[in-house]
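# Chain and residue survey
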Amino acid sequence: MKYPIAAFGLATLAPVLLLGMAAASGGVWIAVACAYLTVGVVQFDALPKIQISPSPDGTAEIGGERLSMILSVMHFACLFVAVLTISGETFSMAEKIGLFAAVGLYLGQTSAANAHEMLHRSDPNAASVGRAIYASVLFGHYAAAHQRIHHRLVATPSDPCTAKPTESFYRFAPRCWFGALLSGYRAELEAQRLKRPRYTRLTHPYMVDIGTGLLCLFLAWLIGGGLGCLIYIGLAAFVQLQILLVAYVQHYGLSRSVRPDGTTEPVAPTHAWSAPHWLSGLMMLNLPRHSDHHLRPDAPFPQLSMPEPDTAPTLPHSLPMMAALALIPVLWRKKMDPLAELWTERARLRRVRQDVA
């Protein structure tokens, strides 16, 4: 089934309506928003025979660009309305916790996916907006490493944000966070020096990321004082957690082989996990179609497709469900290690056949 861009709009903006009702009225609306973003999405994903076909036409691409800009505005609106509402005295503590969770889930899934989408746009202004979204949750350096390191070195030991076989999320997360910080800094420094010979560290892109974060922190203080700052930092940490979980899941246990001449094999569909689930796919702007994204990183989200059966790794459950499972290493390894070993063995046999041929 081919979905018009309106389906992506409905899936990504309907939660904003629920969050708006939750922030305005509290009570049952907060419960509804939380239930929809957790159990509801899982249940809808389980509906049979619903598939999203890619839309290669230019109309969908233009519509996708407009939707991304709308979602960018909604990101900042949701972030600061949440700070305002949660730092106020209208809601009970239970309502505040529920609203924090609901807004954080939306920012960590849809907003983060939209930031990732915009980061890959050829339009530098759109890419800057995507990076500003990352910087607004104090994670601008992840965007730098994603652009300049991850796509080039994915599924190799040199990529800090590719999860190694048997590595738990709790070991991966600090390695990815600090590895992205350092590798992104060096990569940005080199890129800027190539553009401007008199480039200095004071004009490093990280300075813009830091400035964006400080501006957001200042706005949070204006809105809610010290408590507003704590809520803002808490939401940023929650979003970062979800970004790291997605990064962990999407390449867990997969690796590119090293050829006899010392070079690394090109990126293939077998180097990323994908998921075909329809609603989470719409809400995350086809981010779960990760194999195709790594083959065509510049392709807009409506054009991404699922790999053919048995040609690339597929997650046993939806991406949000697997991200939640990754928080329990024993269950995660029981589910994923056999699958990762299977695809490693398939890749080995493929290389043997290629050598023989």
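The structure this text deals with has already been given above.
To start, this report covers the structure provided alongside it. (Residues numbered from 1 in each chain as written. Predicted model: local features only at pLDDT ≥ 70, side-chain atom pairs only at ≥ 80, totals over all residues. Heavy atoms only, no water.)

As a further point, take the nonpolar core. When a protein is soluble and globular, its nonpolar side chains tend to lie buried together. If you look at the biggest cluster of nonpolar residues, it comprises 81 residues, and the most contacted ones within it are Tyr248, Val249 and Trp332. In terms of residue count, helix H8 (residues 205-251) provides more of this core than any other element does, 14 residues in total. If sequence neighbours within four positions are ignored, Trp332 has contacts with Tyr248, Val249, Tyr252, Met322, Leu325, Ala326 and Asp337. (Core = buried A, V, L, I, M, F, W, Y, C linked by side-chain atoms within 4.5 Å. Buried < 20%, exposed > 50% of the residue type's maximum accessible area, 1.4 Å probe, protein only. Helix = DSSP H or I, 4+ residues; strand = E, 2+ residues; numbered from the N terminus. Contact = heavy atoms within 4.5 Å.)

A few words now on the packing of aromatic side chains. Counted by the stated rule, this structure contains 17 aromatic pairs. When the ring of Tyr134 is compared with that of Tyr142, the centres are 5.9 Å apart and the planes differ by 40°; the resulting orientation is tilted. Residue Tyr134 shares its accessibility class with Tyr142, and that shared class is buried. Between Phe169 and Tyr170, the aromatic rings sit 5.7 Å apart at their centres with planes inclined by 70°, giving edge-to-face as the arrangement. A relative accessible area of 3% means that Phe169 is categorised as buried. Clustering of aromatic rings is evident, with ring pairs tying together Phe169, Tyr170, Phe172, Tyr248, Tyr252 and Trp332. If you follow Arg346 out to its NZ or CZ, it ends over the ring of Trp343, 4.5 Å from the centre. (Phe/Tyr/Trp six-rings, centres within 6.5 Å; stacked < 30°, edge-to-face > 60°. Lys NZ or Arg CZ within 6 Å of the ring centre and 35° of its normal.)

Before going further, it helps to spend a moment on the environment of Tyr170. Tracing the backbone shows Tyr170 in helix H7 (residues 169-195). Separated by 157 residues in the primary sequence, Tyr170 and Leu327 have C-alpha atoms spaced 8.0 Å apart. The contact partners of Tyr170, leaving out residues within four places of it in the chain, are Leu327 and Pro329. From its side chain, Tyr170 meets the backbone oxygen of Leu327 in a polar contact 2.6 Å long. (Polar contact = N/O pair within 3.5 Å; in protein donor to acceptor, adjacent residues only side chain to side chain.)

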